[in-house]
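# Survey of secondary and tertiary structure
The primary structure of each chain is shown beneath.
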Amino acid sequence: KKTAVKDISPIIASVGIYALFLVYPFIMNKGYHDITVTRYTVFCFISSVAAALCFLVRICSAETFSLKSFRFSPTDVSVFFFLVVSAISSSLSEFPLAALYGDAGRYMGFIMCAAMCAVYFWIASYYRINEKYFRIFGLSFLVITVFSFLQFKGLDLFGLFSSLAFDSRINFLSPFGNINVF
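Keep in mind the model is a prediction, meaning the values are calculated, not measured.

### Quick word on the packing of aromatic side chains
- A complete count under the given rule lists seven aromatic pairs for this structure.
- Measuring from ring centre to ring centre gives 6.3 Å for F137 and F141, while their planes differ by 25°; the resulting arrangement is stacked. With F137 and F141 both in helix α7 (residues 131-152), this residue pair falls four residues apart, about one helical turn.
- Accessibility expressed as a relative area gives 43% for F137, which makes it partly exposed.
- Ring pairs connect the aromatic residues Y18, Y127 and Y133, which therefore count as one cluster.
- Of note, R39 hangs over the ring of Y24, and the distance from its end group to the ring centre comes to 5.5 Å.

Here is the structure:
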């Protein structure tokens, strides 16, 4: 029974990778109007769910849970140290809620730092790279590239510019090179 629980961890990591490569680049709520908060929410959701599931699998697969069952590399320790420093920095900020959410700076607050660290840990612990993932990444990159090129040339296939004021449209030429797309 313990083995069956442990065997699903690479599947969880793979689903998380699929979600980040195939679903995340195309998530939009109201076109480009609220793309930053939408991508922030989706990234945090995917990373926290995958990390929580991987952690639960790790706990359930261990005979007895202890910190000794985890092996930390120097990189793992560095990422964890970064997370601790980010938490201290956010808690000592003059505006702790803004530092927590990062809503005053493109949502790059402590929650986003924690989500990125969560992605690091579940990928480093459970993800096993193979040729299939390179193909998935290439396919996703190709679709975004074609989409971006067409939008740059003025072809708005999905009516994404309709949610923007006319003077803001120059800022949203394509998903590439736009800081609001993450």
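### Concerning the environment of N29
- Note on placement: N29 falls in the loop between α2 (9-23) and α3 (35-61).
- For N29 and R39, which are ten residues apart along the polypeptide, the C-alpha to C-alpha distance reads 9.1 Å.
- When sequence neighbours within four positions are dropped, the list of residues in contact with N29 reads D34 and T38.

### Considering the confidence of the model for the protein
- Looking at the protein, pLDDT values average 80 and 80% of them are 70 or higher.
- Ranking the elements of the protein by mean pLDDT puts helix α1 (residues 2-7) last with 52 and helix α4 (residues 74-91) first with 94.

### Here's the deal with the pattern of salt bridges
- With the rule as written, the count across this model stands at one salt bridge.
- Of the charged contacts, one joins E131 and R135 as a salt bridge, the two residues approaching to 2.5 Å between their closest N and O atoms. With E131 and R135 both in helix α7, this residue pair falls four residues apart, about one helical turn.
- By relative accessible area, E131 is classed as exposed at 51%.
- On the basis of relative accessible area, R135 is assigned to the exposed category, the value being 57%.

### A few points about helix α6 (residues 110-126)
- The terminal C-alpha atoms of α6 lie 24 Å apart, and with 17 residues this matches the ideal 24 Å at 1.5 Å per residue to within 8%.
- The set of residues buried in α6 consists of F110, M112, C113, A115, C117, A118, V119, W122 and Y126.
- Buried positions along α6 lie against α2, α3, α4 and α5 (96-101).

### Details of the nonpolar core
- With 22 residues, the main nonpolar core has L20, F43 and W122 as its most contacted residues.
- The element contributing the most residues to this core is α3, with eight residues.
- Those residues in contact with L20 that sit more than four places away from it in its chain are P25, F43, I46, V119 and W122.
- Y32, I35, F147 and F161 belong to the second-largest nonpolar core, a separate cluster that totals six residues.

Procedures and definitions
- Residues numbered from 1 in each chain as written.
- Predicted model: local features only at pLDDT ≥ 70, side-chain atom pairs only at ≥ 80, totals over all residues.
- Heavy atoms only, no water.
- Phe/Tyr/Trp six-rings, centres within 6.5 Å; stacked < 30°, edge-to-face > 60°.
- Helix = DSSP H or I, 4+ residues; strand = E, 2+ residues; numbered from the N terminus.
- Buried < 20%, exposed > 50% of the residue type's maximum accessible area, 1.4 Å probe, protein only.
- Lys NZ or Arg CZ within 6 Å of the ring centre and 35° of its normal.
- Contact = heavy atoms within 4.5 Å.
- pLDDT = per-residue confidence, 0-100.
- Salt bridge = Lys/Arg side-chain N within 4 Å of Asp/Glu carboxyl O.
- Expected span 1.5 Å × (residues − 1).
- Core = buried A, V, L, I, M, F, W, Y, C linked by side-chain atoms within 4.5 Å.

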